[in-house]
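Chain and residue survey
If you want the building blocks of each chain, they are given just below.
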Amino acid sequence: MPRTDRARAGAYGAAACASAYGAMKLAQALGANALADKDPLPPELRERLLARDPLFVASHWVLAAAAVVGVVVALATLRPWRAALPRRLLSAIAWTLGVLMIARAIGALGHGLVGDALLLTGLRPPPATHAALARDLARWDLLLWSPFFLLWGVCWATAGWRLGRRHRTTG
């Protein structure tokens, strides 16, 4: 696959991941469980999430709306630079989202592949009061959330790379 096609695939991938995440958050906002019980939150926040605390319900609506914006931004990276959004702004957004999502997936932001692996191998002990729950959530994070955020972050970075690449080649 040529590099330009991979870069386009990154933008479409970022849009698809944003759509999937937004659909999940919309379902949660409307009352569905939709993997809410697999969210790697501290126990007190997890209880509030599962009890449909108004703050969490509102956050689901905000995240669903942000996902719609993410789809628009991802698809905007495919448009000519003369489109409504400046190329540098789109590039900054794509790279920032890519770096943050990759950092989250790896574990720089608390959860991620490294932290989950350390917890599951016993190199980092789980909280004594919630050890079984911590291990269960680490498995879900290791097998679902971290790979998802890694894929999404790579897609954003690829979309950002495409913008920077086209800018250098077009002058």
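Look up: the structure comes first, before these words.
I will try to describe carefully the structure that is included in this document. Just so it is clear, the model here is predicted, and its values are computed rather than measured.

1. Some thoughts on the layout of surface pockets
- What the largest pocket holds in volume is close to 560 Å³.
- Along the wall of the largest pocket there are 24 residues; nearest its centre are Tyr-21, Lys-25, Asp-39, Leu-63 and Phe-149.
- Elements with a contribution of two residues or more to the lining of the largest pocket: α1 (3–29), α3 (54–76), α4 (87–106) and α6 (131–170).
- With seven residues, α3 is the largest single contributor of residues to the lining of the largest pocket.
- Grouping the constituent residues of the lining of the largest pocket by class yields 16 nonpolar, five polar and three charged.
- Within this model, the second largest pocket holds a volume of roughly 280 Å³.
- If you trace the second largest pocket, you find 17 residues lining it, with Leu-41, His-111, Leu-119, Pro-127 and Ala-134 closest to the centre.
- Ranked by residues supplied to the lining of the second largest pocket, first place goes to α6 with four residues.
- The residue inventory of the lining of the second largest pocket, partitioned by class, reads eleven nonpolar, four polar and two charged.

2. Observations regarding the environment of Leu-143
- On the secondary structure map, Leu-143 appears in helix α6.
- Overall, Leu-143 belongs to the exposed group, its relative accessible area being 70%.
- For the pair formed by Leu-143 and Asp-116, sequence separation is 27 residues and the distance between their alpha carbons is 9.7 Å.

3. Notes on the nonpolar core
- Residues Ala-14, Tyr-21, Phe-148, Phe-149, Trp-152 and Trp-156 are the most contacted members of the largest nonpolar core, which totals 21 residues.
- Contributions of two or more residues to this core are made by α1, α3, α4 and α6.
- For this core, the element with the highest residue contribution is α6, accounting for seven residues.
- Here Ala-14 is in contact with Ala-74, Trp-152, Cys-155 and Trp-156, once residues within four sequence places are set aside.

4. Details of the pattern of salt bridges
- Here the structure, examined in full by the defined rule, presents three salt bridges.
- Between Asp-37 and Lys-38 there is a salt bridge, and its shortest N-O distance comes to 3.4 Å.
- Given the relative accessible area of 21%, Asp-37 is considered partly exposed.
- When its relative accessible area of 17% is taken as the criterion, Lys-38 is described as buried.
- Here Asp-141 makes a salt bridge to Arg-104, at a shortest N to O gap of 2.6 Å. Pair noted here: Asp-141 is in helix α6 and Arg-104 is in helix α4, with a separation of 37 residues, a long-range link. Taken as a pair, Asp-141 and Arg-104 share a single burial class, namely buried.

Thresholds, definitions, all that
Residues numbered from 1 in each chain as written. Predicted model: local features only at pLDDT ≥ 70, side-chain atom pairs only at ≥ 80, totals over all residues. Heavy atoms only, no water. 1 Å grid on protein atoms, 1.4 Å probe; cavity = no way out; pocket = protein on both sides within 12 Å on 5 of 7 lines; lining within 4 Å. Points joined across faces, edges and corners; volume = space filled by probe spheres on them. Helix = DSSP H or I, 4+ residues; strand = E, 2+ residues; numbered from the N terminus. Nonpolar A, V, L, I, M, F, W, Y, C, P; charged D, E, K, R; others polar. Buried < 20%, exposed > 50% of the residue type's maximum accessible area, 1.4 Å probe, protein only. Core = buried A, V, L, I, M, F, W, Y, C linked by side-chain atoms within 4.5 Å. Contact = heavy atoms within 4.5 Å. Salt bridge = Lys/Arg side-chain N within 4 Å of Asp/Glu carboxyl O.

Keep in mind these numbers describe shape, not what the thing actually does.
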